[in-house]
Amino acid sequence: MGNCFAGASANDPDGQINQSISNHMQLAQKDASNAHNVLLLGPGDSGKSTILKQMMCIHGIMSTHDHRRLIVEKVVEYMVILCKYSRDLNILLTSADNEDGADTVNASLEYMLSLPSPCDINIEIAAHMKRLWAASGIQSTLAQREKYRIQIPDNVAYFFDERLDDIASDSYEPTFDDCLRVRSRTTGVFQQQFAVLMTENGSFPLNENGDDVVGGSGDFAEPKHGQKPAPLLPSDSGQQSSKKKYRNGEVHKFNVIDVGGQRAERKKWINHLSDNVEAVIYVVAISEYDMTCFEDSNTLRLHEALTLFADVLKKGFMQDKSVTIFFNKYDLFQEKLKDPEQATIDEFFDDFPADAKNPRNADDVVEFVYKKFVALYNEAHTSSISPPHFHCTYALDTEQVDKLMVGMQTDLIKRNLKRIAGF
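Position labels on residues start from 1 in each chain and follow its written sequence. Local features are withheld for residues below a pLDDT of 70 in this predicted model, meaning they are given only at 70 or higher, and side-chain atom pairs are given and counted only at 80 or more; totals for whole chains, interfaces and linings count all residues. As a rule here, side-chain values cover all heavy atoms of the structure and leave hydrogens and water aside.

Asks: I keep staring at unusual backbone geometry and nothing clicks. Help me out?
Replies: Most of the time, phi is negative for any residue but glycine, and the peptide bond is trans. Of note, the amide linkage connecting Ser-117 to Pro-118 takes the cis form, showing an omega dihedral of 0 degrees. Secondary structure is summarised from DSSP: a helix means a run of H or I of at least four residues, a strand means a run of E of at least two, and numbering begins at the N terminus for each. Relative to the elements of secondary structure, Pro-118 occurs in the loop between α4 (102-113) and α5 (123-133). Despite not being glycine, Asp-45 shows a phi value in the positive range, around 65 degrees. Burial here depends on accessible area, computed with a 1.4 Å probe over protein chains only, as a share of the maximum for the residue type. Under 20% is buried, over 50% is exposed, and the range in between is partly exposed. With a relative accessible area of 22%, Asp-45 lands in the partly exposed category. Non-glycine residue Lys-329 carries a positive phi angle of around 60 degrees. Looking at the element boundaries, Lys-329 is found in the loop between β8 (322-328) and α11 (330-338).

Below is the structure:
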């Protein structure tokens, strides 16, 4: 009677070799099915890197100390920019009720403009910056950043109102909020890998050592009975697999790729887009519909976002991929629409249906912008039955970013399973 065991016998060396090769190939296939590449796309200053920082925080791999020098230099740079525009636009720096006289404030302005770039900070520089920040002319300059197309971040008040004394201190250590709020342009391509334990109880972010991060994610704060995931177990084959196995789940690895959004940076990557990317997160700063690009003071940032999206679509890169649009800085967008002094989107887009939609209603504006992206997508992919979906995001909200990432991760895993099963 024949032996039903399919493995090779001890007396069959060739069979053992073939079995070993087969085992390794099966492990490699399983590892590949648990690895996912996600591309972060979007024009400059859209907030892509802030979202990536949030993901690093969620996974416990964010080093705040490494941002110290960048934060210090940027805070000085922000004040120098405000001083330059105040002078160039002939904006009166002080008002009658200012505690410092005009000569004192102007002396501080000239002092800041004489600093080298980049520049560290000390108590003397901080004192000049405080005096200038209190001056009505500097506040007026900042308030007109859109009108005069001043290329300065929208959250500089955070550093000058709340953090200046700490930043000027010799013992300064950046907080996570400091790191999130400082702006730095991505150059080239930056990749960061994240591991997630997927279990029947939900998903749990893992740090670089393969340990779960306290708190889990989303609605899955803890596994059943409040226990952490079980320790790592060896694979059933006895071979060491690069895919770690857990008693209650499997590890999936997500390689997130952040690319420079500025025009000069796009040339480095736009012709090298790879088909092994499964998902694209396209980030748009919805609050900046009335602002122009860093490189081009004549092109609106929203027009630039649409143009870049179309360029990537023309290369066929988004075909059969999960595409999600993040309308980022949504909180600032809502605040802007409530301000009667701020311009509305119909002043920049003639095709906004002002007779049927309200340009100061957030939902109406988002729907209008989203339809523009969908139209570009459908034009490029006429056979697609799954257009991009969107989320209105606030990149400084860790909990929201966490929940969105969990949703994306779950969706990718389901798509992968269907692909492997041949559906």
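So, next bit.
Asks: I tried to follow the packing of aromatic side chains on my own but got confused; where do I start?
Replies: Each aromatic ring pair is characterised by the separation of its centres together with the angle its planes make. Pairing of aromatic rings covers Phe, Tyr and the six-membered ring of Trp, with a centre-to-centre limit of 6.5 Å; geometry is then stacked below 30 degrees between planes, edge-to-face above 60, and tilted otherwise. For the coordinates displayed, the defined rule picks out 14 aromatic pairs. A ring pair is formed by Phe-349 and Phe-368, whose centres lie 6.0 Å apart and whose planes are at 80 degrees; its orientation type is edge-to-face. Residue Phe-349 is located in the loop between α11 and α12 (362-380), and its partner Phe-368 is located in helix α12; the two are separated by 19 residues in the primary sequence. Taken as a pair, Phe-349 and Phe-368 share a single burial class, namely buried. Working rule: Lys NZ or Arg CZ, within 6 Å of ring centre, within 35 degrees of ring normal, means a charge sits over the ring. Against the face of Tyr-85 rests Lys-84, its NZ or CZ located 5.4 Å from the ring centre. Lys-321 extends its terminal NZ or CZ atom over the ring of Phe-317, reaching a point 4.9 Å from the ring centre.

Asks: For this particular structure, what's the right way to read helix α3 (residues 68-88)?
Replies: Every α-helix winds through 3.6 residues per turn, so residues three or four apart in the chain are directed the same way. Multiplying one less than the number of residues by 1.5 Å gives the expected span of a helix. When the terminal C-alpha atoms of α3 are compared, their 31 Å separation across 21 residues agrees well with the 30 Å that a helix rising 1.5 Å per residue should span. Considered for burial, the residues of α3 that qualify are Ile-71, Val-72, Glu-73, Lys-74, Val-75, Val-76, Tyr-78, Met-79, Ile-81, Leu-82, Cys-83 and Ser-86. Working rule for contacts: check all heavy atoms of both residues, and any pair within 4.5 Å makes them a contact. Taken together, the buried residues of α3 touch α4, α5, α6 (136-143), α7 (156-168) and α8 (176-181). One or two positions beyond α3, positive phi appears at Asn-90, with a value near 55 degrees.

Asks: Even after reading the chapter, I still don't get the packing of α11 against α12, so can you show me in this structure?
Replies: Between two packed helices, what matters for the description is the angle formed by their axes and the separation of those axes. The contact between α11 and α12 brings their axes to 10 Å, and the two run at 120 degrees. It follows from the interaxial angle that α11 and α12 lie oblique. Viewed along their axes, α11 and α12 form a crossing whose handedness is right-handed. For the pair α11 and α12, the contacting residues are Tyr-330, Phe-333, Gln-334 and Leu-337 in the first and Ala-362, Asp-363, Val-365 and Val-366 in the second. Only the stretch in contact is used when a helix axis is fitted, and all axes are lines through C-alpha atoms; the angle between N-to-C directions ranges over 0 to 180 degrees. To sort the angles, those under 35 degrees are grouped as roughly parallel, those over 145 as roughly antiparallel, those from 65 to 115 as roughly perpendicular, and the leftovers as oblique. Handedness of each helix crossing follows the sense of rotation of the near helix against the far helix: counterclockwise by less than a right angle gives left-handed, clockwise gives right-handed.

Asks: Explanation requested: the nonpolar core in the structure shown.
Replies: Proteins that are soluble and globular tend to have nonpolar side chains buried together. Residues grouped as a nonpolar core are buried Ala, Val, Leu, Ile, Met, Phe, Trp, Tyr and Cys residues, joined through side-chain atoms within 4.5 Å. Met-79, Met-112, Ile-121, Met-129, Ile-138 and Phe-160 are the most contacted members of the largest nonpolar core, which totals 62 residues. With nine residues, the single largest contributor to this core is α3. Aside from chain neighbours lying at most four places away, what touches Met-112 is Val-76, Met-79, Val-80, Cys-83, Ile-125, His-128, Met-129 and Leu-132. Judged by nonpolar contacts, the second largest core, of 39 residues, contains Leu-41, Ile-270, Phe-327 and Tyr-370.

Asks: For this particular structure, what's the right way to read the packing of helix α10 (residues 301-314) against α12?
Replies: Closest axis-to-axis distance for the α10/α12 pair is 9 Å, and the angle between their directions is 20 degrees. One element, α10, and the other, α12, form an angle in the roughly parallel class. Considering only the axes of α10 and α12, their crossing is right-handed. Contacts between α10 and α12 involve Leu-302, Ala-305, Leu-306, Phe-309, Ala-310 and Leu-313 from the first element and Val-369, Lys-372, Phe-373, Leu-376, Tyr-377 and Ala-380 from the second. Split into classes, the residues belonging to the contact of α10 with α12 amount to 11 nonpolar, no polar and one charged. Residues are grouped as follows: nonpolar covers Ala, Val, Leu, Ile, Met, Phe, Trp, Tyr, Cys and Pro; charged covers Asp, Glu, Lys and Arg; every other residue, Gly included, is treated as polar.

Asks: I'm lost on the confidence of the model for the protein chain in this one. Help?
Replies: Detailed reading of the predicted coordinates is not advisable wherever pLDDT falls low. As a per-residue measure, pLDDT tells how confident the predictor is, with possible values from 0 to 100. Taken over all residues, the pLDDT of the protein chain has a mean of 80, while the share at 70 or more is 77%. Confidence, expressed as mean pLDDT per element, reaches its minimum in the protein chain at strand β4 (residues 232-233) with 30 and its maximum at α12 with 96. Throughout residues 24-30 the model reports pLDDT below 50, and contacts reaching past four residues in sequence, or to other chains, amount to five contacts. Within the model, pLDDT remains below 50 along residues 214-247, and this stretch shows 62 contacts once partners closer than five positions in the same chain are excluded.

Asks: What's the story with the pattern of salt bridges in this structure? I'm lost.
Replies: Side chains that differ in sign of charge can pair as their charged atoms come close. Each salt bridge in this description consists of a side-chain nitrogen of Lys or Arg and a carboxyl oxygen of Asp or Glu lying within 4 Å of one another. A complete count under the given rule lists 18 salt bridges for this structure. A salt bridge links Glu-367 to Lys-357, with the nearest nitrogen and oxygen atoms 3.2 Å apart. Residue Glu-367 is found in helix α12, and its partner Lys-357 is found in the loop between α11 and α12; the two are separated by 10 residues along the sequence. In this structure Glu-367 comes out as partly exposed when scored by relative accessible area, which is 30%. As a salt-bridge pair, Lys-371 and Glu-367 come within 3.2 Å of each other at their nearest N and O atoms. Residue Lys-371 and its partner Glu-367 are both found in helix α12; the two are separated by four residues, about one turn of the helix. By relative accessible area, which is 51% here, Lys-371 ends up exposed.

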